[in-house]
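# Coordinate inspection notes
Listed below, chain by chain, are the residues.
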Amino acid sequence: MPGIDECLLDVMRLPGARGAAVVDWTSGLALGTIGDSPNGDHEATAAETAEVARMAAEQSAFTSGAPQPPDTADGTGATGTEPPVEDVIVTTRSGYHILRFVETDFDSSVFLHLWLDRAEGNLALARIRLGETAERLVLA
């Protein structure tokens, strides 16, 4: 199973990909980056996108009424730590920012951030591929 670097390389193969990062949304730290950064500084971008991710994940307007995971054999319904939000998409005049939360078996607060050029990228395809990448991501 691929790690952070392999997943970021895979994401950058998407048409229109400008840059990507794996970010811890509680600390705002970039765990891995590739390509360009919208403001020229990957660490600042990680901190800024972590604020957006944290706001979405912690607001009941976005998390209430969400479907619950199916029951497991132990009856707890727990299948690992499922992020409260699947993804966040921010649209700008020149591009898209997709923040895809990563589900893990431990208490994780990690997301993938993809910066996609609006003219060259395909938002639907990028969202699907980013979801597949998030499922394969192994955090060591």
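Above: the structure in question.
Residues numbered from 1 in each chain as written. Predicted model: local features only at pLDDT ≥ 70, side-chain atom pairs only at ≥ 80, totals over all residues. Heavy atoms only, no water.

## Let's talk about the sheet that holds strand β1 (residues 17-24)
Rules: Two strands are counted as paired when DSSP detects at least two bridges linking them. By definition, any uninterrupted DSSP run of H or I lasting at least four residues is a helix, any uninterrupted run of E lasting at least two residues is a strand, and each is numbered from the N terminus. Axes here mean lines fitted to C-alpha atoms, for a helix over just the part in contact, with angles spanning 0 to 180 degrees between N-to-C directions. Whether two residues are in contact is decided by their heavy atoms, any of which lying within 4.5 Å being enough.
In spatial order, the strands read β2-β1-β5-β4-β3; together these 5 strands make up an open sheet with antiparallel pairing. Edge positions in the sheet fall to β2 (29-35) and β3 (87-91), since each has one partner strand and no second. Here the average twist between neighbouring strands, direction ignored, is 15°. Alignment of β1 against β2, held across 6 bridges, turns out to be antiparallel. Paired with Val-22 across the strands is Gly-32, a residue of β2. In the packing of helix α4 (residues 123-136) onto the sheet, the strands contacted are β3, β4 (95-101) and β5 (110-117), and the crossing angle to β4 comes to about 25°.

## A few points about the pattern of salt bridges
A side chain with one charge can pair with a side chain of the opposite charge if their charged atoms come near. Put simply, the rule is: One speaks of a salt bridge when a side-chain nitrogen belonging to Lys or Arg is within 4 Å of a carboxyl oxygen belonging to Asp or Glu.
Scanning the model with the defined rule gives 8 salt bridges in all. Residues Asp-10 and Arg-136 are paired through a salt bridge, measuring 2.6 Å at the closest nitrogen-oxygen approach. Within this pair, whereas Asp-10 is found in helix α1 (residues 4-11), its partner Arg-136 is found in helix α4, the two being separated by 126 residues in sequence. Two residues, Arg-127 and Glu-86, come together in a salt bridge whose shortest N-O distance is 2.7 Å. Taken together, the residues span a long stretch of sequence, with Arg-127 in helix α4 and Glu-86 in the loop between α3 (60-63) and β3 at a distance of 41 residues.

## Re α4
Here is the rule we go by: Expected span of a helix, by definition, is 1.5 Å for each gap between consecutive residues, and there is one gap fewer than residues. Accessible area is worked out with a 1.4 Å probe on protein chains only. A residue is then buried under 20% of its type maximum, exposed over 50%, and partly exposed in between. Directions drawn from the helix axis to the C-beta atoms are what define this arc. Identification of polar contacts relies on pairs of N or O atoms within 3.5 Å, with a donor-acceptor requirement for protein atoms, meaning one able to donate a hydrogen and the other able to accept it, and with residues adjacent in sequence counted only if both atoms are side-chain atoms.
End to end, α4 covers 20 Å across 14 residues, agreeing with the expected 20 Å (1.5 Å per residue, within 8%). Within the span of α4, buried status applies to Ala-126, Leu-130, Gly-131, Thr-133 and Ala-134. Projected onto a plane normal to the axis of α4, the buried residues spread over an arc of 165° and lie on a single side. Set apart from the buried face of α4 by more than 90 degrees, the exposed residues are Ile-128 and Glu-135. Buried-residue contacts for α4 involve α1, β4 and β5. N-cap assignment for α4: the residue whose side-chain oxygen lies 3.1 Å from the backbone N of Ala-124 is Asn-122.

## Some thoughts on helix α2 (residues 42-58)
For α2, which comprises 17 residues, the first-to-last C-alpha distance of 24 Å matches the rise-based estimate of 24 Å (1.5 Å per residue) to within 8%. Every buried residue belonging to α2 is among Thr-45, Ala-46, Thr-49, Ala-50, Ala-53, Arg-54, Ala-56 and Ala-57, and all of these are buried. Buried residues of α2, seen end-on, are gathered within an arc of 165° and therefore sit on one face of the element. Residues Met-55 and Glu-58 are exposed on α2 and point more than 90 degrees away from its buried face. In this structure, the buried residues of α2 make contact with β1, β2, α3, β3, β4 and β5. The N-terminus of α2 is capped by Asp-41, whose side-chain oxygen sits 3.0 Å from the backbone nitrogen of Glu-43.

## Observations concerning the packing of aromatic side chains
Each aromatic ring pair is described using two quantities: the centre-to-centre distance and the angle formed by the ring planes. What counts here: Pairing of aromatic rings covers Phe, Tyr and Trp, the last through its six-membered ring, and needs centres within 6.5 Å; plane angles under 30 degrees mean stacked, over 60 mean edge-to-face, and all others mean tilted.
Following the criterion strictly, the structure yields 2 aromatic pairs and no others. An angle of 85° between the planes, with centres 6.1 Å apart, marks the rings of Trp-25 and Phe-101 as edge-to-face. With a gap of 76 residues between them, Trp-25 in the loop between β1 and β2 and Phe-101 in strand β4 connect regions that are remote in the sequence. Take Trp-25: its relative accessible area is 11%, and that puts it in the buried class.

Read these as layout, nothing more, since geometry by itself doesn't imply function.
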